[in-house]
Amino acid sequence: MTTSTTGIPGYLTGTWTIDPVHSNVSFVVRHLGVTRVRGRFTELSGEITTAEDITDSSVTATMQAASIDTTNQQRDEHVRSADFLDVENHPTLSFRSTGIRADGEDFLIDGELTLRGVTRPVTLTAELGGFGDGMTEGSKVIGVAARTEIKRSDFGVGGNIPTAVVSDKVVIELDIEAGRQD
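Residues numbered from 1 in each chain as written. Predicted model: local features only at pLDDT ≥ 70, side-chain atom pairs only at ≥ 80, totals over all residues. Heavy atoms only, no water.

### What about the pairing of strand β1 (residues 14-18)?
Thinking step 1. Only one face of β1 is covered, namely the face carrying Gly14, Trp16 and Ile18; the face carrying Thr15 and Thr17 is uncovered.
Thinking step 2. Where β1 lies against strand β11 (residues 166-180), three bridges are found, and the strand directions are antiparallel. Residue pairing across strands places Ile18 opposite Ala178, the latter belonging to β11. (Buried < 20%, exposed > 50% of the residue type's maximum accessible area, 1.4 Å probe, protein only. Helix = DSSP H or I, 4+ residues; strand = E, 2+ residues; numbered from the N terminus. Pairing = 2+ DSSP bridges.)

Printed below as a string of structure tokens:
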């Protein structure tokens, strides 16, 4: 694991394991066209690989669908049902990058999102938070924040729920901390 020549201060190559305790995968959706309802997935795992050339890097992530938390048990149960995520038949959501491109100071991470058994291309706008020292001596961490928008209808989510009740647009936001594997 070496220092890269990408010009990013403190950039390190290596393989990084997502720390679910210090990471957040959340979403925002409009309800009745007037309010935003927020939720998150509490169980996630994944890996980031940083290459000498950052555009050769990669990301994979998996969220446990049943771990959804919108701070309302009744709503969580409904979102887990066949009306939305259908966790009984589709226990995970996953993302796999297919490419990374520079976009000014940010990066665009192209990839495939699989939700409810449907895989579609998505692009995350990502900000590299940086590299730093971890909590144990000699350990290193990376931080990345990213955002994208999807249409729930593209993934067959909530097909019987009118968009006047729950908007089709879903904003997904990620704040990821990962520790370098030695």
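### A short note on unusual backbone geometry
Thinking step 1. Positive phi is not limited to glycine here, since Leu32 has a value of about 55°.
Thinking step 2. If you check the backbone angles, Arg116 has positive phi at about 60° while not being a glycine.
Thinking step 3. Position of Arg116 relative to the elements: it lies in the loop between β8 (106-115) and β9 (118-133).

### Notes on the pairing of strand β3 (residues 35-41)
Thinking step 1. Sheet topology places strand β2 (residues 24-31) next to β3; seven bridges connect them, and they run antiparallel. Directly across from Val29, in β3, lies its bridge partner Val37.
Thinking step 2. Hairpin connection from β2 to β3: three residues lie between these consecutive antiparallel strands, with Leu32 at a positive phi of about 55°.
Thinking step 3. Sheet analysis places β3 next to strand β6 (residues 68-69), joined by two bridges and oriented antiparallel. Counted as the bridge partner of Arg40 is Asp69 from β6.

### What to know about the side chain of Asp110
Thinking step 1. Mapped onto the fold, Asp110 is located in strand β8.
Thinking step 2. Polar contacts involving the side chain of Asp110 include one to the side chain of Arg101, which spans 2.8 Å.
Thinking step 3. A distance of 2.7 Å separates a polar atom in the side chain of Asp110 from a polar atom in the side chain of Thr123.
Thinking step 4. If sequence neighbours within four positions are ignored, Asp110 has contacts with Phe95, Ser97, Thr98, Gly99, Arg101, Val122 and Thr123. (Polar contact = N/O pair within 3.5 Å; in protein donor to acceptor, adjacent residues only side chain to side chain. Contact = heavy atoms within 4.5 Å.)

### Considering the pattern of salt bridges
Thinking step 1. This structure, assessed with the given rule, holds six salt bridges.
Thinking step 2. Ionic pairing is found between Arg147 and Glu173, a salt bridge with its closest N-O pair at 3.7 Å. One end of the pair, Arg147, is in strand β10 (residues 140-151); the other, Glu173, is in strand β11, and 26 residues separate them in sequence.
Thinking step 3. Among the residues examined, Arg147 registers a relative accessible area of 40% and is labelled partly exposed.
Thinking step 4. Among the salt bridges present, the one from Glu149 reaches Lys169, with a minimum N-O distance of 3.9 Å. Of this pair, Glu149 sits in strand β10 while Lys169 sits in strand β11, placing them 20 residues apart in sequence.
Thinking step 5. Relative accessible area serves as the criterion here: at 47%, Lys169 is assigned to the partly exposed category.
Thinking step 6. What emerges from the salt-bridge pattern is a single network uniting Arg147, Glu149, Lys169 and Glu173. (Salt bridge = Lys/Arg side-chain N within 4 Å of Asp/Glu carboxyl O.)

Function cannot be inferred from these measures alone, as they are strictly geometric.
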